[in-house]
Amino acid sequence: MKEDAHTELICKGFCSFYREGKEELTCETYNFLVRNLTEGELRGMIQGIERTPDLSCDDYIKDVICGKCDFLEGDCDFRGGRVSPPCGGYVIIESLRRWVTG
């Protein structure tokens, strides 16, 4: 089940897959952010984040986070090779990763 505040920030704010009423569905990037950042921390960190990823951290995100995602097998349009952007959590994690690694 999604956390309301995190859903507002991650899904509504960054995810093209977000649909009202699907709050029981969570991707692993969402779960990672909920586990590791409070609402306040996340709110502060997403200020000014570019909403279009450059995929520069894709290997890391795929290995460390997406590899554990329930959507990976058959349901992930981005990883499934379809022309689709990654989820909102991916966008946030990529931006934070670039910021940390410089």
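In case you missed it, the structure is sitting above this.
As the structure is a prediction and not an experimental result, all values here were calculated from the model.

What counts, and where the lines are drawn
- Residues numbered from 1 in each chain as written.
- Predicted model: local features only at pLDDT ≥ 70, side-chain atom pairs only at ≥ 80, totals over all residues.
- Heavy atoms only, no water.
- Helix = DSSP H or I, 4+ residues; strand = E, 2+ residues; numbered from the N terminus.
- Rg over C-alpha atoms; globule rule 2.2 N^0.38 Å.
- Buried < 20%, exposed > 50% of the residue type's maximum accessible area, 1.4 Å probe, protein only.
- Lys, Arg positive; Asp, Glu negative; His and termini not counted.
- Charge placed at Lys NZ, Arg CZ, Asp CG, Glu CD.
- Contact = heavy atoms within 4.5 Å.
- Disulfide = S-S within 2.5 Å.
- Core = buried A, V, L, I, M, F, W, Y, C linked by side-chain atoms within 4.5 Å.
- 1 Å grid on protein atoms, 1.4 Å probe; cavity = no way out; pocket = protein on both sides within 12 Å on 5 of 7 lines; lining within 4 Å.
- Points joined across faces, edges and corners; volume = space filled by probe spheres on them.
- Nonpolar A, V, L, I, M, F, W, Y, C, P; charged D, E, K, R; others polar.

*Asks:* Teacher, can you tell me more about the overall build of the protein here?
*Replies:* A count of helices and strands for the protein gives 5 helices and 0 strands. Shown N-terminal to C-terminal, the secondary structure of the protein runs as helices and strands in the order α-α-α-α-α. For a compact globule of 102 residues, the expected C-alpha radius of gyration is about 13 Å, and the protein comes in at 13 Å, within 12% of that figure. Dimensions of the protein, computed from C-alpha atoms along their principal axes, come out at roughly 35 × 35 × 20 Å. Evaluated residue by residue, the protein yields a buried proportion of 40% over its 102 residues. Side-chain charges of the protein comprise 13 positive and 19 negative groups, with the mean position of each set lying 2 Å from the other.

*Asks:* Sorry, what's going on with helix H1 (residues 4-14) here?
*Replies:* If you check which residues of H1 are buried, you get His6, Thr7, Leu9, Ile10, Cys11 and Phe14. The secondary structure elements touched by the buried residues of H1 are helix H2 (28-36), helix H3 (39-45) and helix H5 (88-101).

*Asks:* I'm lost on the state of the cysteines in this one. Help?
*Replies:* What makes a disulfide is a covalent bond joining the sulfur atoms belonging to two cysteines. Taken as a whole, this structure holds 0 disulfides when the rule is applied. Left unpaired, Cys69 is separated from the closest cysteine sulfur, that of Cys27, by 5.4 Å. This cysteine, Cys76, is not joined by any disulfide, and Cys66 carries the nearest cysteine sulfur, 6.4 Å off.

*Asks:* Where do I start with the nonpolar core in this structure?
*Replies:* Looking at soluble globular proteins, one finds that nonpolar side chains tend to be buried together. The biggest cluster of nonpolar side chains holds 26 residues, and the ones touching the most others in it are Ile10, Leu33, Leu42, Ile46 and Ile92. Elements that contribute at least two residues to this core include exactly H1, H2 and H5. It is H5 that provides the largest number of residues to this core, a total of 5 residues. Other than its neighbours up to four places away in sequence, Ile92 contacts Leu9, Ile10, Phe14, Leu33, Leu42, Ile46 and Ile49.

*Asks:* Even after reading the chapter, I still don't get the layout of surface pockets, so can you show me in this structure?
*Replies:* Taking a probe equal in size to a water molecule and rolling it over the atoms shows the remaining empty space. If you add up the space inside the largest pocket, you get close to 500 Å³. Contributing to the lining of the largest pocket are 29 residues, with Cys15, Phe17, Cys27, Phe71 and Cys87 lying nearest its centre. Counting only elements with at least two residues in the lining of the largest pocket, the list comes to H1, H2 and H5. When grouped by side-chain class, the residues that make up the lining of the largest pocket number 18 nonpolar, 4 polar and 7 charged. When its volume is computed, the second largest pocket comes out at roughly 210 Å³.

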